[in-house]
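Chains, contacts and geometry: an overview
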Amino acid sequence: MLPKSGSAGKPGNAHIWKAMVAPLPQTIHFHTSGRLIKVAPMNVFVTGGAGYIGSVCVEELLNAGHQVTVFDNLSEGHRAAVDPRARFIEGCLSDRALVQESLACSKAEAIIHFAANAIVSESMTNPSKYFRNNVAFGLNLLDAAVECRVRKFVFSSTCATYGMPERLPITEDLPQQPINPYGESKLMFEKMLKWYRQIHGLEFVGFRYFNAAGASARFGEHHKIESHIIPNILQVVLGQKTHVDIFGTDYPTPDGTCIRDYIHIIDLAAAHIQALVPGKQGFFNLGNGGGYSVRQVIQACEKVTGKKIATVEKPRRPGDPPRLVAAAQQARNVLGWNPSYPKLEDIVATAWKWHSTHPTGYAD
Ligand SMILES: NC(=O)c1ccc[n+]([C@@H]2O[C@H](COP(=O)([O-])OP(=O)(O)OC[C@H]3O[C@@H](n4cnc5c(N)ncnc54)[C@H](O)[C@@H]3O)[C@@H](O)[C@H]2O)c1
């Protein structure tokens, strides 16, 4: 039985739920973030849709004419981050029966699986949490996808599956040798996807994101433990922190600090929507290439906010590669993906707009 909830569009039982899944129009052409993409509308089941990337992807899916069911246990996400046009089921992937019933009742044709734990440092102290949630609980979803004959499975993987890359920029065919349990858990799920395709015919797209950043007008980044650099810098601007730490200033990079590849979450969302096209499958990096150093990110934040940002230089953190940048040509060629926010300042500007209007994040 699906759980009761006061949220609009969330049923008290499976019977009512079935009645609420309206038929979709035959075909639509739609704009998402200014781009025209042709895709037949689908019932899309989004795990982790109350989280940072999921919230904006749900918003863009709905803008594109899809019907969306969000499944999230709110362990990290926020109820207010779920677009009110989506149906919401508060549930955990650990509940195999609930996952199965929710998927069946939502008449899901596609699954986008964001739900996971995603803090690298935490995975180094509590690997069990990562293998359990990201692998074992994820398996409940995969089995339900097969049972419900879901047509497409889109998975949030990560550049952390590559570990210390052998060469740059990182192409999808480089060896995947994760150096932490988080990356390992994502790689394990990638492997499960391959077996499920071979054995059950489950069509999938796996996206290896680089550093997700930015915000839409309505939804932005609010993690309980914030490990990402841009929100941490903006918290300094907002007076919530005294300074930002720079871990390592002696890397073999032009200014001595680490270089990372930042990708706007609206561009990530666009790739997910393009991945729904039948027949599109495989693993794709999602990044802008090039990359920006930690000092360049701080400078971009200073420029956008007009504030000087205090920094404290610290020693290198173990396991931080000097440079991680994506080659994302495959996503461009195969999916027709074309990011709208390649410039860091534009990404930071959207993040700042959201953080300055939501200085303490979501209320819950
Ligand atoms: N943020 C990044 O830069 C980045 C980079 C690479 C990959 N990723 C991947 O993208 C995905 C989304 O990342 P994010 O930054 O939005 O994370 P997030 O923590 O903001 O969102 C994850 C969501 O999943 C939910 N969730 C977790 N475990 C669940 C469970 N067992 N059942 C139901 N819901 C559950 C949480 O409540 C949260 O709402 C993750 O899979 C992450 O590994 C993120």
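Residues numbered from 1 in each chain as written. Predicted model: local features only at pLDDT ≥ 70, side-chain atom pairs only at ≥ 80, totals over all residues. Heavy atoms only, no water.

1. Focus: the overall build of the protein
A tally of helices and strands in the protein yields 11 helices and 16 strands. Within the protein, buried positions represent 54% of all 364 residues. Pairs at least 24 residues apart make up 77% of the contacts formed inside the protein by residues separated by at least 6 positions. By element, 54% of the accessible surface of the protein is carried by carbon and sulfur atoms, the whole surface being about 15200 Å². (Helix = DSSP H or I, 4+ residues; strand = E, 2+ residues; numbered from the N terminus. Buried < 20%, exposed > 50% of the residue type's maximum accessible area, 1.4 Å probe, protein only. Contact = heavy atoms within 4.5 Å. Areas by Shrake-Rupley, 256 points an atom, 1.4 Å probe, with all protein chains shown as cover.)

2. Concerning the nonpolar core
Core analysis: the largest hydrophobic core is formed by 46 residues, its most contacted members being Leu61, Ile112, Phe207 and Trp337. At the level of elements, strand S3 (43-47), helix H2 (52-63), strand S4 (67-72), strand S6 (110-113), strand S8 (203-209), helix H8 (265-275), strand S13 (282-286) and helix H10 (329-335) are the ones that each hand at least two residues to this core. Take this core: its biggest share by element is 8 residues, from H8. Setting aside residues no more than four positions away along its own chain, Trp337 makes contact with Ile263, Asp267, Ala270, Ala271, Gln274, Leu286, Gly287, Ala328, Ala331 and Arg332. Ranked by size, the runner-up nonpolar core spans 24 residues in total, among them Phe71, Ala145, Phe153 and Met192. (Core = buried A, V, L, I, M, F, W, Y, C linked by side-chain atoms within 4.5 Å.)

3. Quick look at the confidence of the model for the protein
Put simply, the protein has an average pLDDT of 92, and 89% of its residues get 70 or more. Considering only residues more than four positions removed or in separate chains, one finds that residues 4-22, a stretch of pLDDT under 50, has 44 contacts. Low pLDDT, under 50, characterises residues 25-32; the predicted model gives this stretch 24 contacts beyond four residues in sequence or across chains. (pLDDT = per-residue confidence, 0-100.)

4. Quick look at H2
One turn of an α-helix holds 3.6 residues; hence residues three or four places apart share an orientation. Taking 1.5 Å per residue, 12 residues should reach 16 Å; H2 reaches 17 Å between its end C-alpha atoms and fits that length. Here H2 has its buried residues at Tyr52, Ile53, Gly54, Ser55, Val56, Cys57, Val58, Glu59, Glu60, Leu61 and Leu62. In the stretch just after H2, Gly65 is the one whose phi turns positive, near 100°. (Expected span 1.5 Å × (residues − 1).)

5. Some points on the sheet that holds S8
Ordered by their spatial adjacency, 7 strands build an open sheet running S5-S4-S3-S6-S7-S8-S13, and the pairing between neighbours is parallel. Edge positions in the sheet fall to strand S5 (87-90) and S13, since each of these pairs with one other strand and no more. Averaged over all pairs of adjacent strands, the angle between strand axes in this sheet comes to 20°, irrespective of strand direction. When S6 meets strand S7 (residues 152-158), the two strands line up parallel, connected through 4 bridges. Bridging across to S7, Ile111 finds its partner in Phe153. Sheet strands touched by helix H3 (residues 96-105): S3, S4, S5 and S6. Its angle to S4, the strand with the most contacts, is close to 170°. In this fold H8 packs onto S6, S7, S8 and S13, with an angle of close to 165° to the strand it touches most, S8. (Pairing = 2+ DSSP bridges. Axes fitted to C-alpha atoms, helices over the stretch in contact; angles between N-to-C directions.)

6. So, the sheet that holds strand S11 (residues 259-260)
Here 3 strands make up an open sheet; going across it, the order is S14-S11-S16 and the pairing mixed. Of all strands in the sheet, those with a lone pairing partner are strand S14 (292-293) and strand S16 (323-324), marking the two edges.

7. Description of the site of the ligand
The ligand sits among 29 residues. The nearest are Asp72, Phe114, Asn133, Tyr182 and Lys186. Backbone polar atom of Tyr52 to an oxygen atom of the ligand: 2.9 Å apart, as the coordinates give it. Taking 820 Å² as the accessible area of the ligand by itself, protein coverage stands at 96%. Counting only elements with at least two residues in the shell around the ligand, the list comes to H2, S7 and helix H6 (181-200). When residues in the shell around the ligand are grouped by element, the largest group, 3 residues, is from S7. Of the residues that constitute the shell around the ligand, the class distribution is 14 nonpolar, 12 polar and 3 charged. (Near = heavy atom within 4 Å. Polar contact = N/O pair within 3.5 Å; in protein donor to acceptor, adjacent residues only side chain to side chain. Nonpolar A, V, L, I, M, F, W, Y, C, P; charged D, E, K, R; others polar.)

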